[in-house]
Amino acid sequence: MNNQNNMIDPNITKWPYYIDPKNGENLEENINSNNQLYLKSKTGDIYPIIKGIPRIIDDLNNYSSAFGEQWLYWQKTQLDSYTNTTISSDRLLRCLGNSLTNNIKRSQEPLQVLEVGCGAGRFTEILLKFPSIRLTSIDLSLAVEANSLNFPQDNYHRIVQADIMELPFKPMQYDIVICLGVIQHTPDPEKTIKKLYEQVKPGGDMVIDHYTFDISRLTKITSNALRPIVKRLSSKNRMNVIKSLVNIFFPVHRLIRKLPILQKIFSRISPIVTYFHAYPELNDNLQKEWSMLDTHDGLTDWYKHLRSLKQIKKLLRGINADSIDAWNDGNGVEARCKRPCNKIKI
């Protein structure tokens, strides 16, 4: 996947240290009598390393559990290499923008990149194609295990299970912080964005997106009514409900996919997500697979916040970000900004 002709030697690249989010102490790797690895702080806090992935969180079962189940079940669904499309690449590169993308391509020094909310790795796959990137992928859920299966850890890539609100790194450790498809699902988007920005080095970049207010999202009558119920079901029952809904409604969407007006009307009633118009390049099997995945995503997320373009711009100005560029596209609002070299605010 990586360009082996790259002049940068990954073996001499140092990753930002893991710290204990409770007290800021460095975490050191240890091994117990059962040959199990773990991280330990000087004051004795211990975090396990499970399946080669540090779990620097207190509770493995949290509000993101449904996402973990989702990405373990649909491990490859959104990978460009699986769909033979450029859907994920197009979205990531649009969010990065031409200037930042070119800087990444031209960099002769390793760039520390933090990918927050990595999921199964739809953007991990693209980021690892850049020879200069040293990628730290984190997720609050068990999606880290799906990411590890798709893109094993090596000198270019490491994975950690951690909470955005308690990131296990000292401030300003990363050249680029990327968080796509995540912030709207956290308890407090404003605090989340501030925590992400804390990790950006002076002169570094932050790239984010967020759901926004739109008629399509607000008028999904059936899904808006079902979500408070479905998200509280057990894992098995959630999955059974999603499969049943897709099996019932997907054939109707497929039947009327060439009738745009009728499709729009039916989409207000139907509780499932389909992509016949957004991604016509997907074949019927992939269309149904994506429908299953994103219907699950849309009906089982514990938090679903909406923010306007104006609100996102205001927040980025409020944290003293520079070179703010924000627009409506994709899932809502997409934005990027820089931390000024001469302004440090934590």
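Now for a look at the structure at hand. Predicted model only: the values in this text are computed from it and were never measured.

## Looking at the overall build of the chain
Reasoning step 1: Looking only at helices and strands, the chain has twelve helices and eleven strands in total.
Reasoning step 2: Taken against the 2.2 N^0.38 rule, which gives 20 Å for 346 residues, the C-alpha radius of gyration of the chain at 20 Å falls within 12% of a compact globule.
Reasoning step 3: Dimensions of the chain along its principal axes, counting C-alpha atoms only, are 60 × 50 × 40 Å.
Reasoning step 4: For the chain, buried positions account for 50% of its 346 residues.
Reasoning step 5: Within the chain, counting contacts between residues at least 6 apart in sequence, those at least 24 apart form 65% of the total.
Reasoning step 6: Taken as a whole, the chain presents about 16,500 Å² of accessible surface, with 52% of it coming from carbon and sulfur.
Reasoning step 7: Across the chain, the 45 positively charged side chains and the 36 negatively charged ones have centroids separated by 5 Å.

## Remarks on the sheet that holds strand E2 (residues 37-40)
Pairing between the strands of a sheet is mediated by backbone hydrogen bonds and can be parallel or antiparallel.
Reasoning step 1: Strand order in this open sheet of four strands is E1-E2-E3-E4, and the pairing throughout is antiparallel. Each edge of the open sheet carries a strand with a single partner, namely strand E1 (28-31) and strand E4 (53-54).

## Topic: the packing of helix H1 (residues 65-73) against helix H5 (residues 143-150)
Axes are the key here: two packed helices are described by the angle between their axes and the distance separating the axes.
Reasoning step 1: Where H1 contacts H5, the two axes come as close as 7 Å, and the packing angle between them is 25°. Between H1 and H5, the angle is such that the two are roughly parallel. The segment H1 lies against H5, with Gly68, Trp71 and Leu72 engaging Ala143, Glu145 and Ala146.
Reasoning step 2: By residue class, the composition of the contact of H1 with H5 is four nonpolar, one polar and one charged.

## Some details on the sheet that holds strand E11 (residues 332-338)
Reasoning step 1: If you trace the seven strands from one edge of the open sheet to the other, you get E7-E6-E5-E8-E9-E11-E10, paired in mixed fashion. Only two strands of the sheet have a single partner each, and these edge strands are strand E7 (157-161) and strand E10 (322-329). Neighbour to neighbour, the strand axes of the sheet diverge by 15° on average, direction disregarded.
Reasoning step 2: The pairing of strand E5 (residues 111-116) with strand E8 (residues 174-179) spans three bridges and is parallel. Note on E8: the bridge partner recorded for Val113 is Ile176.
Reasoning step 3: Strand contacts of H5: strand E6 (133-139) and E7, with the helix running at about 165° to E7, the strand carrying the most contacts.

## Remarks on the nonpolar core
Reasoning step 1: Counting residues in hydrophobic clusters, the biggest one holds 34 residues, and the most contacted among them are Ile193, Leu196, Met206, Ile208 and Leu316.
Reasoning step 2: Breaking this core down by element, the ones donating at least two residues are strand E3 (46-50), E5, E8, helix H6 (189-198), strand E9 (200-211), helix H12 (309-318) and E11.
Reasoning step 3: Setting aside chain neighbours within four positions, we find Met206 in contact with Val177, Ile193, Leu196, Tyr197, Val200, Leu316, Ile319, Ala335, Arg336 and Cys337.
Reasoning step 4: Counting residues in each nonpolar core, the second largest holds 21 residues, with Phe123, Ile133, Phe151 and Val207 among its members.

## Considering the pattern of salt bridges
Side chains bearing opposite charge may pair, as long as their charged atoms lie close to each other.
Reasoning step 1: Overall, the coordinates contain 16 salt bridges when judged by the stated rule.
Reasoning step 2: Lys338 is the partner of Asp205 in a salt bridge, and the nearest nitrogen-oxygen pair spans 3.1 Å. Here Asp205, found in strand E9, pairs with Lys338, found in strand E11; they are 133 residues apart in sequence, far enough to count as distant.
Reasoning step 3: Of the residues examined, Asp205 reaches a relative accessible area of 13% and is grouped as buried.
Reasoning step 4: The class for Lys338 is partly exposed, based on a relative accessible area of 28%.
Reasoning step 5: Of the charged contacts in the structure, one is a salt bridge between Asp301 and Lys304, with a shortest N-O distance of 2.7 Å.
Reasoning step 6: Accessibility expressed as a relative area gives 0% for Asp301, which makes it buried.
Reasoning step 7: A relative accessible area of 27% places Lys304 in the partly exposed class.
Reasoning step 8: In the salt-bridge network here, residues are joined through shared partners; they are Lys22, Asp45 and Asp58.

## Examining the pairing of E8
Reasoning step 1: For E8, the tally of buried residues reaches six of six residues, placing the bulk of the element in the interior.
Reasoning step 2: Pairing of E8 with E9, which is carried by five bridges, proceeds in the parallel orientation. Pairing of Ile178 across the sheet is with Val207, part of E9.
Reasoning step 3: With H6 bridging E8 and the parallel E9, this β-α-β connection has right-handed handedness.

## Describing the side chain of Glu289
Reasoning step 1: Along the chain, the position of Glu289 falls in helix H11 (residues 284-300).
Reasoning step 2: Side-chain polar atoms of Glu289 contact the side chain of Thr77, separated by 2.6 Å.
Reasoning step 3: Non-local contacts of Glu289, meaning those with residues more than four positions away in its chain, are made with Trp74, Thr77 and Tyr82.

## Some thoughts on H5
Reasoning step 1: In terms of burial, H5 is largely enclosed, as seven of its eight residues are buried.
Reasoning step 2: When H5 is considered as a whole, its buried residues turn out to be Ala143, Val144, Glu145, Ala146, Asn147, Ser148 and Asn150.
Reasoning step 3: In this structure, the buried side of H5 is in contact with E4, H1, helix H4 (124-127), E6 and E7.

What counts as what
Residues numbered from 1 in each chain as written. Predicted model: local features only at pLDDT ≥ 70, side-chain atom pairs only at ≥ 80, totals over all residues. Heavy atoms only, no water. Helix = DSSP H or I, 4+ residues; strand = E, 2+ residues; numbered from the N terminus. Rg over C-alpha atoms; globule rule 2.2 N^0.38 Å. Buried < 20%, exposed > 50% of the residue type's maximum accessible area, 1.4 Å probe, protein only. Contact = heavy atoms within 4.5 Å. Areas by Shrake-Rupley, 256 points an atom, 1.4 Å probe, with all protein chains shown as cover. Lys, Arg positive; Asp, Glu negative; His and termini not counted. Charge placed at Lys NZ, Arg CZ, Asp CG, Glu CD. Pairing = 2+ DSSP bridges. Axes fitted to C-alpha atoms, helices over the stretch in contact; angles between N-to-C directions. Parallel < 35°, antiparallel > 145°, perpendicular 65-115°, else oblique. Nonpolar A, V, L, I, M, F, W, Y, C, P; charged D, E, K, R; others polar. Core = buried A, V, L, I, M, F, W, Y, C linked by side-chain atoms within 4.5 Å. Salt bridge = Lys/Arg side-chain N within 4 Å of Asp/Glu carboxyl O. Right-handed = clockwise from strand over helix to strand, strands pointing away. Polar contact = N/O pair within 3.5 Å; in protein donor to acceptor, adjacent residues only side chain to side chain.

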